[in-house]
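# Descriptive analysis of the structure
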Amino acid sequence: MIPRFRVPLVAADLAALLLPARNDVEQFERRFAEAFGAPEAVAFAYGRTAQWAFLRAVGVCDAEVVMPAYTCSVVAHAVSLSGNIPVFVDISLDDYNSPPERIADAVGPRTRAIIATNTFGYPQDTEALRAIVTDAEQRYGHKVWLVEDCAHSFGATFAGESVAEAGDVAVFGLNISKILTSIFGGMLLCRDRAVADLVRAFRAQHTSPSALLAPLRQRAYALAAATALSRFGVSATQALLSKTHLLDRWATAYHLDDQIHFPPDYDRAMTAISATIGVRQLARYDEIISLRRQNATYYSNNLVLADASVMGPLRDGATYSHFVARVPDRAATVAEWRRRGVQLGELIQYSVPHLGAYLGPTCTDFPNSLLASRHLVNFPINVTPRTARSVAARSRLA
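The rules behind the values
- For every chain, the first residue of the written sequence is number 1, and numbering continues from 1 along that sequence.
- Thresholds applied to this predicted model are a pLDDT of at least 70 for local features of residues and 80 or more for the giving and counting of side-chain atom pairs; totals over whole chains, interfaces and linings are not thresholded and use all residues.
- Each side-chain value is derived from all of the structure's non-hydrogen atoms; neither hydrogens nor water enter the calculation.
- For two strands to count as paired, DSSP must find a minimum of two bridges between them.
- Only runs of H or I of at least four residues qualify as helices and only runs of E of at least two qualify as strands under DSSP, and these elements are numbered from the N terminus.
- Inter-axis angles, ranging from 0 to 180 degrees, are taken between N-to-C directions of lines fitted to C-alpha atoms, where helices are fitted over the stretch in contact.
- Throughout this description, buried means an accessible area under 20% of the type-specific maximum (1.4 Å probe, protein chains only), exposed means over 50%, and partly exposed covers the range between.
- Should any heavy atoms of two residues lie within 4.5 Å, those residues are counted as being in contact.
- Geometry of aromatic contacts follows a simple scheme: Phe, Tyr and Trp rings, the Trp one being its six-membered ring, pair when their centres are within 6.5 Å, and the pair is stacked under 30 degrees between planes, edge-to-face over 60, tilted otherwise.
- Criterion for a charge above a ring: Arg CZ or Lys NZ at most 6 Å from the ring centre, at most 35 degrees from the ring normal.
- Cavity means a closed set of points on a 1 Å grid over the protein atoms alone, one where a 1.4 Å probe fits but cannot get out, pocket means an open set with protein on both sides within 12 Å along at least 5 of 7 lines, and lining means a residue has an atom within 4 Å of a point.
- Grid points are joined across faces, edges and corners, and a volume is the space filled by probe spheres set on the points.
- By the criterion applied in these results, polar contacts are pairs of N or O atoms within 3.5 Å in which, for protein atoms, one can donate a hydrogen and the other can accept it, and in which residues neighboring in sequence qualify only through two side-chain atoms.
- Between the first and last residue of a helix there are one fewer steps than residues, each counted as 1.5 Å, and that sum is the expected span.
- Directions from the helix axis toward the C-beta atoms define the arc.
- Should an angle lie under 35 degrees it is considered roughly parallel, over 145 roughly antiparallel, and from 65 to 115 roughly perpendicular; all remaining angles are considered oblique.
- For a crossing to be left-handed, the near helix must be turned anticlockwise from the far one by less than a right angle; the clockwise case is right-handed.
- Under the scheme applied here, ten amino acids are nonpolar (Ala, Val, Leu, Ile, Met, Phe, Trp, Tyr, Cys and Pro), four are charged (Asp, Glu, Lys and Arg), and all others, including Gly, are polar.

Let's shift gears to the sheet that holds strand E2 (residues 64-68). Spatial ordering of the open sheet is given by E1-E9-E8-E5-E4-E2-E3, a layout of seven strands whose pairing is mixed. Where the open sheet ends on each side, the last strands, each with one partner, are strand E1 (40-44) and strand E3 (85-89). The mean angle between the axes of side-by-side strands here comes to 25°, regardless of whether they run parallel or antiparallel. Relative to strand E4 (residues 111-117), E2 is paired through three bridges, and the arrangement is parallel. Within the sheet, the bridge partner assigned to Glu64 lies in E4 and is Thr111.

Put into structure tokens, the structure is as follows:
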């Protein structure tokens, strides 16, 4: 079975897990900032913690935060847990991002931040976003922060400009499903050193050192995940998830989509072993993105999909955290591809404002978000070119 994704750790990374950590968190922060063109980077246990800490540190509270309806639930959870109100915006079915005109319509006098999520690695229009912010600041007379959510995009560019450099800050998740990983972790890039100082001061007051056994657990988790999500382990892992409760702790503790919730260790510091793996991953960033773009282009030209399916677009500057297609019947498509020996992903399976935690006055319609949540699948993208060719060849099987 070709798994829907593989843990982005090469053999040398896995070997490093068995050795003492070589890099500290401050070194990882410096190298991350250099890699993505910002003066400062501040590390956290999770990307959602970074977002939460930023909003708290700069004093955004009891305000409205504009964000897409179709995104990971933890983005909305971080807004809510920071004491703010998420205002949802429907997406386009072209690139699965919220169009600038819809974002502009959602901005009001209580808006204090806009979260621009570059879904699946498709970059948003950075100039249009800044124009929305400028207009809102002039109209309402207060600061409106532009937060670039780069969990799917990292160094994606729009018209030659990195989305990571376009806003006041950029948020990155670094778990094992991301383009780059530090096993667990998140990073906040800051264009203003004064903002970074505020966030670091907040972090010092509101986070604790990592638990004594956390580095050992993270090492074991990374090694186990690399095995469980490999081509040979994924079938057994899927059986354990569907037929037993043995993996419930790892499968549910960190993602309770329908509850406004943070993981139990959200306020712990990043570990040195996370920093070590993160530094190693940064050194391979260009290679990783080049492979994703190569595979996306190959799929676009060679995948054969069922009638009425719509393949995700190729976009200049995209980094393709996922290569998606919109299909008429997702369950049937997933089952058919499993028969062909390929596991498809189903990210993201919900529209956030339709989750129980957010149903209410702010939930009006969001038809495109609902449609995407029910009909998108994603193909293995962080694979070797040979595996990508095999996936495409299987698309032509009867």
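There's more to say after this.
Here we come to the side chain of Ser321. Positionally, Ser321 belongs in the loop between strand E10 (310-311) and strand E11 (323-326). Residue class for Ser321 comes out buried when judged on its relative accessible area of 9%. Not counting residues up to four positions away in its chain, the partners in contact with Ser321 are Phe120, Gly121, His152, Ile179, Arg292 and Ile381.

Taken as a whole, this structure holds 22 aromatic pairs when the rule is applied. Relative to Phe172, the ring of Phe36 lies with its centre 5.4 Å away and its plane at 35°, an arrangement referred to as tilted. In this pair, Phe36 sits in the loop between helix H2 (25-35) and E1 while Phe172 sits in strand E8 (residues 169-173), placing the two residues 136 residues apart along the sequence. Summarising the burial analysis for this pair, Phe36 and Phe172 share the class buried. Summarising the aromatic geometry, the rings of Trp337 and Phe379 are spaced 5.1 Å apart at their centres and angled 85° between planes, so their arrangement reads as edge-to-face. In this pair, Trp337 is assigned in helix H13 (residues 330-339) and Phe379 in strand E12 (residues 376-379), connecting sequence segments 42 residues apart. Pair check on accessibility: Trp337 and Phe379 agree, each one buried. In this structure an aromatic cluster arises from ring pairing among Phe28, Phe32, Phe36, Phe154, Phe172 and Tyr285. It is Arg203 that lies over the ring of Phe44; its NZ or CZ is 6.0 Å from the centre. Geometry around Trp337 places Arg340 over its ring, the cationic atom sitting 5.1 Å from the centre.

Tallying each qualifying case throughout the model produces one cavity of 30 Å³ or more. Reported here for the largest cavity is a volume of approximately 50 Å³. Considering the residues around the largest cavity, the lining is formed by Val66, Met67, Pro68, Val89, Ser98, Ile103, Ile114, Ile115, Ala116, Thr117 and Gln124. Looking at the lining of the largest cavity, the elements with two or more residues in it are E2 and E4. Ranked by residue count, the leading element in the lining of the largest cavity is E4, at four residues.

Taken residue by residue, H2 has Val25, Gln27, Phe28, Glu29, Phe32 and Ala33 as its buried positions. Check the buried side of H2 and you find it contacts E1, E8, strand E9 (186-190), helix H7 (193-206) and helix H11 (272-283). The N-cap residue of H2 is Asp24: its side-chain oxygen and the backbone nitrogen of Glu26 are 3.3 Å apart. At the C-terminal side of H2, Gly37 shows a positive phi close to 70°.

If you check helix H8 (residues 214-228), its first and last C-alpha atoms are 20 Å apart, about what 15 residues at 1.5 Å a residue would give, namely 21 Å. Turning to H8, its buried residues are Ala214, Gln218, Arg219, Ala222, Ala225 and Ala226. Buried residues of H8 fall within an arc of 140° about the axis and therefore sit on the same side. Exposed residues on H8 whose side chains face more than 90 degrees from its buried face are Leu216 and Thr227.

Two elements in contact, helix H12 (residues 285-302) and helix H15 (residues 385-394), have axes separated by 10 Å at closest approach and are oriented at 20°. With respect to their mutual orientation, H12 and H15 come out roughly parallel. Of the two possible hands of crossing, H12 and H15 adopt the one that is right-handed. Contacts from Leu291, Gln294, Asn295, Tyr298, Tyr299 and Asn302 of H12 reach H15 at Pro385, Ala388, Arg389, Val391 and Ala392. Classifying every residue of the contact of H12 with H15 gives seven nonpolar, three polar and one charged.

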